[in-house]
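Fold and contact review
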Amino acid sequence: MDKILDVISGEVKKAFETAGYDGELGRVTLSNRPDLCEYQCNGSLAGAKKYHKAPLMIAQGVAEALQENPVFAEVSAVAPGFLNLKLSEDFLSGYLNEMAASEKFGVGEPEKKETIIIDYGGPNVAKPLHVGHLRPAIIGESVKRILRYAGHNVIGDVHLGDWGLQMGQVIMELEERQPELPYFDENYEGEYPKEPPFTVAEMGEMYAAASAKCKTDEACKARALENTRKFQNGVRGYRALWKHIMDVSLPDIKENYDRLNVEFDLWKGESDVQDLIPGMVEKMKQEGFAHESEGALVVDVKEETDTKEIPPCIILKSDGASLYSTTDLATLEERTQNYHPDSVIYITDKRQAMHFEQVFRCARKTGLVEPETRLVHIGFGTVNGKDGKPFKTREGGVPRLENLIEEIDDEMYRKIRESRRELSDEDARRTADIVGLAALKYGDLSNQAAKDYVFDVDRFTSFEGDTGPYILYTIVRIKSILEKYTQQGGSLSGLSILPARNPEEKALMLELSGFQAMVAGASKELAPNRVCAYIYDLSNAFNRFYHETKIIAEEDEARKAGLIALLMLTKGVLEDCIGLLGFSAPDRM
Ligand code: ARG
């Protein structure tokens with residue numbers, strides 16, 4: 001289905017031609033004076049030069065050509081040469097009925113269906129998920145859903161940090177506590193136990209203890225590094241412990257993502273590409289891209305046009321160890337081989353911008369990716385506390401992800417209990433979890449990703465203003481009207497939207513008609529905040545309409561059915577939008 005703006009532009013372009021001018025002048029935009037008109041066209045001003053004519057005369061000619069056009073209720077040419085347009089109620093309701101009958105409310109196939117990999121999540125195995133993992137999960141999940149909705153083939157990869165020092169640290173602490181375990185006996189040749197020698201809680205505790213020691217004790221740090229080398233180099237007992245750490249961590253990581261309603265298609269990690277590294281490095285050397293610099297192996301990635309210093313991409317450290325960038329390069333090689341992606345999108349803290357700049361340049365230069373592949377880094381800002389500094393627990397530590405979720409859910413529960421005393425405790429809890437997730441995600445996604453934001457539980461959980469609960473409240477309100485309608489014997493099938501009868505109703509319809517354009521914009525800009533802005537406007541438009549319009553009390557049954565159809569479309573669009581943001585609405589709240 002064509003975007004409404006394209007339909008309107010098409011009509012105005014034809015009118016320019018009818019009046020004897022270049023049709024391209026007829027491009028229409030949303031009005032910047034909504035008090036005067038709904039859409040406008042400024043093409044006459046541009047045409048004045050070309051045709052040596054007063055712009056107002058051109059506009060008048062075009063307006064004349066549009067007089068009988070059924071798309072418009074009002075077309076006026078105003079000084080100095082604007083065309084002010086108002087849509088006809090008939091055309092608008094017809095357009096909405098077509099939307100309501102179309103799959104995805106008329107969002108068609110993209111011009112080019114792309115294969116897109118989104119790398120988001122990036123949890124580090126053995127470490128607890130914390131506040132830093134909130135944004136990649138929330139933003140990545142939403143970007144994935146938006147691109148998928150727009151018709152692309154999208155693959156989400158968690159890209160585990162499963163090859164690092166933190167695992168060596170856990171092993172160090174374990175050895176200290178239970179040196180008698182067979183993993184540490186070099187001469188042991190039997191099978192290792194299938195059951196891990198620790199629970200997830202014990203592992204978390206061991207990691208915390210070890211990482212504290214390593215901060216102050218050089219010898220500990222050296223041992224942790226040594227352990228890391230050992231499992232990386234395949235020393236049997238250490239590799240078995242690595243596997244135990246994976247087995248214990250992954251269910252816990254999955255549970256955290258489940259609670260956030262975040263799903264990955266691929267559960268790959270840094271460990272999966274280690275075997276590719278030697279070949280990749282060899283090739284970079286042979287082809288003359290990689291050279292030695294201060295003992296390390298590097299690829300120069302600076303370019304003539306750079307305005308800031310871009311240091312070389314380090315491939316191997318002087319001790320021959322690979323780095324974060326090495327793994328990311330090998331992963332790009334693997335992704336290219338397996339999926340030939342058109343785009344690879346990474347979602348991390350914006351402080352990693354330089355890392356990705358170097359990796360992307362190096363991958364292009366060395367031919368690891370196809371020349372047309374788009375490599376994109378979405379760098380997000382920090383989650384701050386009310387003091388404007390990175391969010392901390394009361395004790396000053398890094399807040400755990402599960403505690404953040406809990407904090408929101410608890411506050412939501414308190415608010416729901418307060419307003420809905422009749423709910424059973426269990427219902428209130430369940431509702432609080434659903435609404436809490438919306439509060440958390442909307443609080444994040446309504447900001448531009450690159451900006452920092454303040455984690456403000458009170459504001460996020462408010463039922464009023466630009467918040468998740470407000471959006472859900474609007475959906476729940478519509479659900480309850482629809483329920484009443486069916487309870488009174490009304491049927492929800494076969495209804496059509498009728499021409500608007502009041503300004504608030506028309507305003508709601510105009511908002512709805514912008515859905516396709518919003519999806520196109522959000523997917524082009526990879527911007528979930530556009531979805532948020534849209535549903536906030538749409539919810540406001542709905543609530544104003546609701547305030548002004550009798551629905552259940554409407555006596556004219558045909559009109560009532562038309563209004564119900566409008567409600568159904570509003571609900572459908574809102575529900576698809578919150579689906580794009582990665583949360584859902586309860587039936588009541
Ligand atoms: N594990 C990394 C971290 O904690 C994030 C990984 C992001 N993805 C990537 N391909 N580098 O910082």
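In this text the structure is predicted, and so the values were computed from the model without any measurement. Residue positions are given per chain, counted from 1 along the sequence in the order it is written. Thresholds applied to this predicted model are a pLDDT of at least 70 for local features of residues and 80 or more for the giving and counting of side-chain atom pairs; totals over whole chains, interfaces and linings are not thresholded and use all residues. Side-chain calculation: all heavy atoms of the structure are included, whereas hydrogens and water are not.

1. Some thoughts on the UniProt feature "domain: DALR anticodon binding" (unreviewed entry) in the protein
UniProt positions are given in the numbering used here, feature names are shortened, and annotations may be inferred rather than shown by experiment. In the numbering used here, UniProt assigns the "domain: DALR anticodon binding" (unreviewed entry) feature to residues 471-589. The way it works is that DSSP assigns letters per residue, a run of H or I at least four long becomes a helix, a run of E at least two long becomes a strand, and they are numbered from the N terminus. With 71% helix and 0% strand, residues 471-589 has end C-alpha atoms that lie 12 Å from one another.

2. Observations concerning the state of the cysteines
Note on terminology: pairs of cysteine sulfur atoms within 2.5 Å are recorded as disulfides. Taken as a whole and judged by the stated rule, the model has 0 disulfides. Of all cysteine sulfurs, the one in C220 lies closest to C214, which takes part in no disulfide; the gap is 5.4 Å. Distance from the sulfur of C313, which forms no disulfide, to the nearest cysteine sulfur (C362) is 4.3 Å. Categorising residues by exposure relies on relative accessible area from a 1.4 Å probe, with only protein chains included: less than 20% of the type maximum marks a residue as buried, more than 50% marks it as exposed, and the intermediate range marks it as partly exposed. Judged by its relative accessible area of 1%, C313 falls in the buried class.

3. Brief notes about the site of the ligand
As a structural note, the neighbourhood of the ligand is formed by D119, G122, N124, H159, Y324, D328, Y346, T348, Q352 and F356. D119 places a polar side-chain atom, nitrogen or oxygen, 2.9 Å from a nitrogen atom of the ligand. Counted as a polar contact is a pair of N or O atoms within 3.5 Å, where, for protein atoms, one must be capable of donating a hydrogen and the other of accepting one, and residues adjacent in sequence contribute only when both atoms are in side chains. In this structure, a nitrogen atom belonging to the ligand sits 3.0 Å away from a main-chain N or O atom of G122. Areas reported as accessible are Shrake-Rupley estimates using a 1.4 Å probe. Residue values count occlusion only from the protein chains shown. Burial of the ligand by the protein chains amounts to 84% of its free accessible area of 350 Å². When contributions to the shell around the ligand are tallied by element, the ones reaching two or more residues are α11 (324-339) and β10 (343-349). Any residue with a non-hydrogen atom lying within 4 Å of a molecule or strand is treated as near it.

4. Looking at the packing of helix α1 (residues 4-18) against helix α3 (residues 55-66)
Axis definition: a line fitted to C-alpha atoms, over the contacting stretch in the case of helices. Angles run 0 to 180 degrees between N-to-C directions. The geometry of α1 relative to α3 is characterised by a closest axis approach of 8 Å and an angle of 115° between their N-to-C directions. It follows that α1 is roughly perpendicular to α3 by the angle criterion. For the pair α1 and α3, the sense of crossing is right-handed. Residue-level contacts link E11, V12, A15, F16 and T18 of α1 to I58, V62, A65 and L66 of α3. Side-chain classes follow a simple rule in which Ala, Val, Leu, Ile, Met, Phe, Trp, Tyr, Cys and Pro form the nonpolar group, Asp, Glu, Lys and Arg form the charged group, and the remainder, Gly included, forms the polar group. Residues belonging to the contact of α1 with α3 are distributed by class as follows: 7 nonpolar, 1 polar and 1 charged. Any angle that falls under 35 degrees is termed roughly parallel, while one over 145 is termed roughly antiparallel, one within 65 to 115 roughly perpendicular, and all others oblique. Here a crossing is taken to be left-handed if its near helix is turned anticlockwise relative to the far helix by less than a right angle, and right-handed if that turn runs clockwise. Contacts are assigned to residue pairs with any non-hydrogen atoms lying within 4.5 Å of each other.

5. Brief notes about the pairing of β10
In terms of residue burial, β10 counts as a mostly covered element, since 7 of its 7 residues are buried. As defined by bridge partners, strand β5 (residues 115-119) adjoins β10 across 4 bridges and the pair is classed as parallel. When the sheet's bridge partners are listed, I117 is paired in β10 with V344. Strand direction decides the pairing type here: β10 and strand β11 (residues 374-380), joined by 7 bridges, are parallel. Residue pairing in the sheet places I345 in a bridge with V376 of β11. Seen with the strands pointing away from the viewer, any crossover whose path from the first strand over the helix to the second strand runs clockwise is right-handed. Regarding topology, helix α12 (residues 353-365) serves as the crossover connection from β10 to the parallel β11, and that connection is right-handed. Strand pairing is assigned whenever DSSP identifies at least 2 bridges connecting the two strands.

6. Notes on the sheet that holds strand β2 (residues 39-41)
An order of β1-β2-β4-β3 is seen for the 4 strands of this open sheet, with the pairing classed as antiparallel. Sheet topology places β1 (28-30) and β3 (72-78) at the edges, where each strand pairs with a single neighbour. Here the strands of the sheet are splayed against their neighbours by 25° on average, with no regard to which way each runs. Pairing of β3 with strand β4 (residues 82-87), which is carried by 6 bridges, proceeds in the antiparallel orientation.

7. Section: the side chain of T327
Tracing the backbone through its elements, the reader meets T327 in helix α11. For T327, a relative accessible area of 5% gives the class buried. Those residues in contact with T327 that lie beyond four places of it in its chain are E270, V273 and Q274.

8. Observations concerning the UniProt feature "short sequence motif: 'HIGH' region" (unreviewed entry) in the protein
Residues annotated in UniProt with the feature "short sequence motif: 'HIGH' region" (unreviewed entry) correspond here to residues 123-133. For residues 123-133, the end-to-end C-alpha separation is 7 Å, with 0% helix and 0% strand making up the annotated structure.

9. Describing the environment of N261
Residue position: N261 is located in the loop between α9 (236-259) and α10 (277-286). By relative accessible area, which is 27% here, N261 ends up partly exposed. N261 sits 176 residues away from L437 along the chain, and the two C-alpha atoms are 8.5 Å apart. Reaching out from N261, the side chain makes a polar contact with the backbone oxygen of G582 at a distance of 3.4 Å.

10. What to know about the packing of helix α4 (residues 89-101) against helix α17 (residues 503-513)
At a minimum axis separation of 10 Å, α4 and α17 run at an interaxial angle of 45°. Relative to α17, the element α4 lies oblique. Handedness of the crossing formed by α4 with α17: left-handed. Facing E89, L92, S93, Y95, L96 and M99 of α4, the residues of α17 in contact are K506, M509, L510, L512 and S513. Across the contact of α4 with α17, the residue classes break down as 7 nonpolar, 2 polar and 2 charged.

11. Points about the pattern of salt bridges
The term salt bridge refers to a pairing of a side-chain nitrogen on Lys or Arg with a carboxyl oxygen on Asp or Glu at a separation within 4 Å. Within this structure, the stated rule accounts for 45 salt bridges. Residue E176 is joined to R223 by a salt bridge in which the shortest nitrogen-to-oxygen separation is 3.1 Å. Placement of E176 in helix α6 (residues 165-177) and of R223 in helix α8 (residues 218-232) is noted, with a sequence separation of 47 residues between them. You can call E176 partly exposed: its relative accessible area is 40%.

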